Amino acid sequence: MKTQLAAQKPTSGTRFLKHSRLYFWGLLFLIPEIVIFCVFLWKPIIMGIYYSLHDINFIRGNTFVGLQNYRDIIQDEAFFTAIGNTLWFVFLGLVMGYWVPAVAATAISELRKFKATARLVVYLPNIVPAVALYGMWRWLYEPIGPLNDFLTIFQLPPVEWLTDKSVAMFSIVLMNTWHYFGSTALIYLAAVMNIPKDLYEAAEMDGAGIWQRIKYITLPSIRHIFLLMLIMQLIANSQAYEPQLAMTGGGPNEATTTYMLMVVDGAFKQFAFGKASAMGVLLFVSLTLLSILLYALQRKGGDES
Amino acid sequence: MKGDSHQERGIISFHDFRRRRVKIGYGVMVVMLLAVAWTMIYPFLVTIFNAFKTKTDIYTFPPSLLPKDWVWTNFGEVLKYVDLGRHMTNTFLIFAGNMLFAVLFIGLAAFSLSHLKIPFRKGFTLFFMCTLMIPSATYMIPNYLNLQSLGLLNSYWAFWLPAAANAFWILLLKSFFDGIHKELFEAARMDGASEIRCFLQIAFPLSLPIIATILIFGFTQTWNEWYWAGVVITSPEKYPIASVIYKYVLSGETNNIQENVKFAILTIVMIPPLMIFAFLQKYIIRGVNLSSVKG
């Protein structure tokens, strides 16, 4: 047996040839994608660290400055304001937006009629292109616009939706919730509809009321989606800058300048690419730590069930 | 219907409905859902109806939803400010190129990972899938500098080539290919078909539903993208429609556009996504459920 194998064992040259023929098509199909990933994804990801240690100048070329960019960031007061604003935005997103899709999905699943219509209607805002969304909501938030008109019905004073420092971020979160909650609601809805009806039947037999059925059957059945959506929302919201840029430009008085808005302004307005790259690296580190933490939590949550 | 009542029940049973409190509670829930539905639809109506208002009509307070006199002239006036034809063509060009490169390269790679003999299969899969974990904003600036150093700025190649660098789409196509029986390809190979024919004539046609979903994802992304496109493209005549609208309608660089004309523009950009939604709902809903797999 052993000798037979040894006899069959080809020399390394022919083995390479044999393997290369075996793997030829597989590798050929894979190579373009590998090249594209290297050039357009992995290279920027890794070069971020290189750029963060350099002063980037398109005309004179890049010069190594060590940790100077990082020192500049930490000495910049705006950096801490931006972190605060981002945390505030993430927090408001959780308080105002996170629970909405789950509640809406549970309510829609209970509808006796028009379930399909309700599903379409909540998804509708998702298809609005971002620029149309901003135009639309800027009008709603106009000082003499529809929202303030609505407030007069309840004898409430008009609100400066986008120009009041303490309200602006709230307004942006409200708009974002309107735009995105439908697609999340559909994910919850699919999960809620998948719960076997026998469970409710059995719980009812045992005398469980409606709230108890929700608490002990519905909520535990969709717990994994709660966690997943929490992770996705936290990570997406900590990178947000487009709605802030379009609605308020980061104002009033820097109250809506998020971390990423500071990064893109630093790069494309002040052309401080090195500093912006360094901020990107810091964001990368903190988001990676956050997602590792959350995935660990998720794993732990999964073990309990 | 009565006979099906066991199937049809939700959290609330038919038995519960005999109680008055449950009936009232259900009524309150329906009213609240109606309020939500109105909130969802109202901004659309405001946008569309404002596009038909006259200049004096739009600035009256309190604002009325319906126009006093319906005018169509706003839509004609749009063309004075935005060359819709040119910029929509630009968007379409970007979209077509993106999809060509994405579907071709991602398709080939996913097919290889799924059905061909390759060494280090796990390693290659990891090489692609790792990038799902990296938040895209964190490498946005180096990405720009990279495109700059490759000389791709102000060219659509800056969108087309990186369009294939999408691990999520590899994941979608690969899991779809995994569902195709190996025997199908083995039989084709026995009959002398090359791997290229296996891909083009078997795998590709079979995966059209998932490719349709990717096309819709891709369209939405290209149609929405205003910031990045506005940064990468430097000559305004090459802008896609979203960037033009942001620069010249929203950001106030051209201040003389009247509100009613603005709304005509916003209404026009909403039409293509609305049409796609109306006709391809099935694929969109599937896409939404797939995106929850991503995390």
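Predicted model only: the values in this text are computed from it and were never measured.

Peer 1: Help me understand the UniProt feature "domain: ABC transmembrane type-1" (unreviewed entry) in chain A in this model?
Peer 2: The feature "domain: ABC transmembrane type-1" (unreviewed entry), as annotated in UniProt, sits at residues 83-294 of chain A in this numbering. In residues 83-294 of chain A, the share of helix is 74% and the share of strand is 0%. The end C-alpha atoms are 20 Å apart.

Peer 1: Explanation requested: the UniProt feature "transmembrane region" (unreviewed entry) in chain B in the structure shown.
Peer 2: The UniProt feature table records "transmembrane region" (unreviewed entry) at residues 24-45, 92-111, 123-145, 157-177, 198-219 and 263-285 of chain B. Annotated as 71% helix and 0% strand, the span residues 157-177 of chain B places its first and last C-alpha atoms 28 Å apart.

Peer 1: Just to check I follow, could you spell out the interface of chain B and chain A for this structure?
Peer 2: On the side of chain A, 75 residues touch chain B, which itself brings 73 residues to the contact. Elements represented by at least two residues in the side of chain B that touches chain A include exactly α2 (20-50), α5 (84-115), α6 (121-129), α7 (140-149), α12 (208-224), α13 (227-232), α14 (241-250) and α15 (259-291) of chain B. In the side of chain B that touches chain A, the residues fall into 56 nonpolar, 12 polar and 5 charged.

Peer 1: Where do I start with the UniProt feature "transmembrane region" (unreviewed entry) in chain A in this structure?
Peer 2: The feature "transmembrane region" (unreviewed entry), as given by UniProt, occupies residues 22-42, 87-108, 120-140, 178-195, 216-236 and 276-297 of chain A in the numbering adopted here. Between the end C-alpha atoms of residues 87-108 of chain A there is a gap of 32 Å, over a span that is 95% helix and 0% strand.

Peer 1: Please clarify how α12(B) should be interpreted in this entry.
Peer 2: Since the α-helix packs 3.6 residues into each turn, any two residues three or four apart lie on the same face. Taking 1.5 Å per residue as the helical rise, α12(B) with its 17 residues ought to reach 24 Å, and the 24 Å between its terminal C-alpha atoms agrees with that figure. Of the residues making up α12(B), those classed as buried are Ile210(B), Ile211(B), Thr213(B), Ile214(B), Phe217(B), Gly218(B), Thr220(B), Thr222(B), Trp223(B) and Asn224(B).

Peer 1: Whenever I open this one, the domain arrangement of chain B confuses me. Can you help?
Peer 2: When the parts of a complex come together, some accessible area is lost, and that lost area is often used as the size of the interface. Residues and elements named next belong to chain B. By domain assignment, chain B separates into domain 1 (2-75) and domain 2 (78-291). The C-alpha centroid of domain 2 is placed 34 Å from the C-alpha centroid of domain 1. Each partner contributes residues to the interface: domain 1 has 10 residues there, and domain 2 has 9 residues. Taken together, the elements giving at least two residues each to the side of domain 1 that touches domain 2 come down to α2, α3 (55-58) and α4 (73-81). Element by element, the count of residues in the side of domain 1 that touches domain 2 is highest for α2, at 3 residues.

Cut-off values and rules
Residues numbered from 1 in each chain as written. Chains lettered and ligands numbered in written order. Predicted model: local features only at pLDDT ≥ 70, side-chain atom pairs only at ≥ 80, totals over all residues. UniProt positions renumbered as here; feature names shortened; annotations may be inferred. Helix = DSSP H or I, 4+ residues; strand = E, 2+ residues; numbered from the N terminus. Contact = placed C-beta atoms within 7 Å. Nonpolar A, V, L, I, M, F, W, Y, C, P; charged D, E, K, R; others polar. Expected span 1.5 Å × (residues − 1). Buried ≥ 20, exposed ≤ 12 C-beta atoms within 10 Å, placed from the backbone. Domains from an automatic or database assignment.

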